[in-house]
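Report on the structure
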Amino acid sequence: MIAILSDIHGNWEALQAVLEVCERLRVQRYICLGDVIGYGPDPLAVSRVARERFAISLLGNHEEALITGKHRFNPHAAQAIDWTRAQLKRERELWQWYLERQPFAISDQMLCVHGSIYDPVHDYVDEPENPIEAQQMIETLNRDFSGFDVCFAGHNHTPFLATTVGVIVPHDGHRQFRLPKGHKAYICVGSVGQPRDRDPRASFATLDGEALTFHRVPYDVATTQAKILRAGLNPFLAERLAEGI
Ligand SMILES: [Fe+2]
């Protein structure tokens, strides 16, 4: 079984809760789709886990901003990435590890990106909201998914599955789907450390053969919020965690 995680964003409590579930499920391999850091108060702890345990950990837009200093972030995100850089630069091995992150990985008909197939670092896979967007998604899957069948994506902090027959949003009554070989699909795994679908629980996915499962895991949000405030990061970054926005 593979676990696909994304957008941990320096949230140690959320990552620990997710890893506990993964250990119970006997996950053998971890893939992280980027944004290990940024926004959250525990960049060192989550980076050590990513470096030691994840088979793949991609370059997200926050990793890019971390190492290049270039971004178009709002002031809260910009302050957080500057604070994060100051922490990580003190740990040479971790800093070097970040310099080596790659924007995508491809294997076994599976493309992994942070953003989308068109721009693996910055572009967002948007959930289709009307029939025209739904048709565009189907065209994308049929026309541009060449050399791979499924694409795991993060960045939008919202879990959903887009296939050529439609879009499915997982919920507590329906979390497991079959991905038959050769079928095209975008799989957005949501965010471990800063979900934005109005469900504050940590989100991730597992793949076991053809079985794709979306998971939600409650964690100690209050502890993470207290750490954000103690670090002097913007209070909005704490508030949003409780609401899942
Ligand atoms: Fe993110």
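Small disclaimer: the values here were computed from a predicted structure and weren't measured.

Considering the overall build of the protein
- Of the regular secondary structure elements, the protein holds 8 helices and 12 strands.
- Over its C-alpha atoms the protein spans a radius of gyration of 17 Å, differing by no more than 12% from the 18 Å that the globule rule assigns to 245 residues.
- In terms of its C-alpha atoms, the protein occupies a principal-axis envelope of roughly 45 × 35 × 35 Å.
- Across the 245 residues in the protein, those meeting the buried criterion constitute 42%.
- Within the protein, counting contacts between residues at least 6 apart in sequence, those at least 24 apart form 73% of the total.

A look at the packing of helix H7 (residues 221-230) against helix H8 (residues 235-243)
- In the contact formed by H7 and H8, the axes pass within 8 Å of each other and the chain directions differ by 170°. The orientation of H7 with respect to H8, classified from their angle, is roughly antiparallel. Counted together, Val 221, Thr 224, Gln 225, Ile 228 and Leu 229 of H7 and Pro 235, Leu 237, Ala 238, Leu 241 and Ala 242 of H8 form the full contact between these two elements.
- In terms of residue class, the contact of H7 with H8 is made up of 8 nonpolar, 2 polar and no charged.

A word on the packing of helix H2 (residues 43-53) against helix H4 (residues 75-88)
- The geometry of H2 relative to H4 is characterised by a closest axis approach of 10 Å and an angle of 65° between their N-to-C directions. Between H2 and H4, the angle is such that the two are roughly perpendicular. As for the relative orientation of H2 and H4, their crossing is right-handed in sense. Along the contact surface, H2 presents Pro 43, Leu 44 and Ser 47, while H4 presents Thr 84, Gln 87 and Leu 88.
- Considered class by class, the residues forming the contact of H2 with H4 number 3 nonpolar, 3 polar and no charged.

A few points about the sheet that holds strand S2 (residues 29-32)
- Overall, mixed pairing links the 6 strands, which are arranged S3-S2-S1-S11-S12-S9 in an open sheet. The outermost strands of the open sheet, each flanked by one partner alone, are strand S3 (56-57) and strand S9 (176-178).
- Bridge count between strand S11 (residues 202-208) and strand S12 (residues 211-217): 7 bridges; the pairing is antiparallel. Looking at S12, one finds that Thr 206 is bridged to Thr 213.

Side note on the pairing of strand S6 (residues 150-153)
- Side chains Val 150 and Phe 152 project from S6 onto one buried face, and the interleaved Cys 151 and Ala 153 project onto a second face that is buried too.
- Sheet topology note: the strand S5 (residues 110-113)/S6 ladder contains 3 bridges and is parallel. Note that in S6 the partner of Leu 111 across the bridge is Cys 151.
- In this fold, the crossover linking S5 to S6 by way of helix H6 (residues 131-144) has right-handed handedness.
- Sheet analysis places S6 next to strand S10 (residues 185-189), joined by 4 bridges and oriented parallel. The partner of Val 150 across the bridge, within S10, is Ala 185.

Each value, and the rule that gives it
- Residues numbered from 1 in each chain as written.
- Predicted model: local features only at pLDDT ≥ 70, side-chain atom pairs only at ≥ 80, totals over all residues.
- Helix = DSSP H or I, 4+ residues; strand = E, 2+ residues; numbered from the N terminus.
- Rg over C-alpha atoms; globule rule 2.2 N^0.38 Å.
- Buried ≥ 20, exposed ≤ 12 C-beta atoms within 10 Å, placed from the backbone.
- Contact = placed C-beta atoms within 7 Å.
- Axes fitted to C-alpha atoms, helices over the stretch in contact; angles between N-to-C directions.
- Parallel < 35°, antiparallel > 145°, perpendicular 65-115°, else oblique.
- Nonpolar A, V, L, I, M, F, W, Y, C, P; charged D, E, K, R; others polar.
- Left-handed = near helix turned anticlockwise from the far one by under 90°.
- Pairing = 2+ DSSP bridges.
- Right-handed = clockwise from strand over helix to strand, strands pointing away.

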